[in-house]
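# Fold and geometry: a report
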Amino acid sequence: MDNRQALGSWLSGPRAAAEDAGVDFGYRGQQLGLPEEGSGSIARPGRRLGALAVDWALCMVIAYGLITDGYNQATGNWALGILLVLSVLTVGTVGSTPGKRLFGLRVVSARGGRLGVLRVALRSVLVCLAIPALIWDRDGRGLHDRLSGAVQVRI
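Every residue gets a number counted from 1 within its own chain, in the order that chain's sequence is written. At least 70 in pLDDT is required for a residue's local features to be given in this predicted model, at least 80 for side-chain atom pairs to be given and counted, and no such filter applies to totals for whole chains, interfaces and linings, which use all residues. Calculation of side-chain values draws on the structure's entire complement of heavy atoms; hydrogens and water are dropped beforehand.

Next up on the list: the confidence of the model for the protein. Scored between 0 and 100, pLDDT is the confidence that the predictor attaches to each residue. Summary statistics for the protein give a mean pLDDT of 85 and a share of 85% for residues scoring 70 or more. Every helix listed is a DSSP run of H or I at least four residues long, and every strand listed is a run of E at least two residues long, numbered separately from the N terminus. Summarising per-element confidence for the protein, the mean pLDDT is lowest in helix 1 (residues 3-12) (58) and highest in helix 5 (residues 98-102) (96).

Quick look at the structure:
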């Protein structure tokens, strides 16, 4: 191996280096028995972030207009609380928040079916903490989804 190959493998990351060595990772969601494309497949990060942005904007508007009557530090704090309540109520009942519905996403149990109320509450608290949502596995599931036994899929 010359220096260019060594540098190239370092730049492409450990996954690409393992794939070059012959390791087959499969597609996202294959380990969970989900399809690769279309309805029921793992939600892509762009859609998930877009849905979160819509939900956060909605919560900020509610906090700004109905609770704090202006923008200040309390507006963001109230918006976080509203996001928690919104997530527990909507994911617990219909399986998606308004932002997720807009982007064609749904939260389901990794074993199939709906999430229980306690798992939805755990997932929602972990989303509000933000750090668990930033740690992903090879299927693209955040730590908040893994700990609650959930998966975000396309509708």
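What counts as a salt bridge is simple: a side-chain nitrogen of Lys or Arg found within 4 Å of a carboxyl oxygen of Asp or Glu. Going through the model one piece at a time under the given rule, you end up with three salt bridges. With a shortest N-O distance of 3.9 Å, D145 and R48 are connected by a salt bridge. Here the residue D145 occupies a position in helix 8 (residues 143-148), and R48 occupies one in helix 3 (residues 45-68), the gap between them amounting to 97 residues. Per-residue accessibility, obtained with a 1.4 Å probe over protein chains only, is compared with the maximum for each type, and a residue is labelled buried under 20%, exposed over 50%, and partly exposed between these values. Residue class for D145 comes out buried when judged on its relative accessible area of 0%. In this structure, R146 engages D137 in a salt bridge whose closest nitrogen and oxygen atoms are separated by 2.8 Å. Overlapping salt bridges, with partners in common, bring together R48, R123 and D145 in one network.

Now for the nonpolar core. Soluble globular proteins: nonpolar side chains tend toward being buried together. If you look at the biggest cluster of nonpolar residues, it comprises eight residues: C59, M60, A63, A79, I82, L83, L86 and C128. Of all the elements in the fold, those that place two or more residues in this core are helix 3 and helix 4 (73-93). When residues in this core are grouped by element, the largest group, four residues, is from helix 4. Here, nonpolar core refers to any group of buried Ala, Val, Leu, Ile, Met, Phe, Trp, Tyr and Cys residues whose side-chain atoms link them within 4.5 Å.

Turning our attention to helix 6 (residues 117-129). Here the expected length of a helix is defined as 1.5 Å per residue gap, with one fewer gap than residues. The first and last C-alpha atoms of helix 6 sit 19 Å apart over 13 residues, in line with the 18 Å expected at 1.5 Å per residue. By the burial criterion, the buried members of helix 6 are V120, R123, S124, L126 and C128. In the stretch just after helix 6, A130 is the one whose phi turns positive, near 75°.

The next thing to look at is the layout of surface pockets. Think of a 1 Å grid over the protein atoms and nothing else: a 1.4 Å probe that fits but is trapped marks a cavity, an open set flanked by protein within 12 Å on at least five of seven lines marks a pocket, and residues with an atom within 4 Å of a point count as lining. Grid points are joined across faces, edges and corners, and a volume is the space filled by probe spheres set on the points. Here the largest pocket defines a volume of roughly 390 Å³. Lining the largest pocket are 18 residues, with R48, L52, V127, A133 and H144 sitting closest to its centre. For the lining of the largest pocket, the elements supplying multiple residues, two or more each, are helix 3, helix 4, helix 6 and helix 7 (131-134). Ranked by residue count, the leading element in the lining of the largest pocket is helix 3, at four residues. Only Asp, Glu, Lys and Arg are considered charged, only Ala, Val, Leu, Ile, Met, Phe, Trp, Tyr, Cys and Pro nonpolar, and every remaining residue, Gly among them, polar. Taken together, the residues of the lining of the largest pocket sort by class into ten nonpolar, four polar and four charged.

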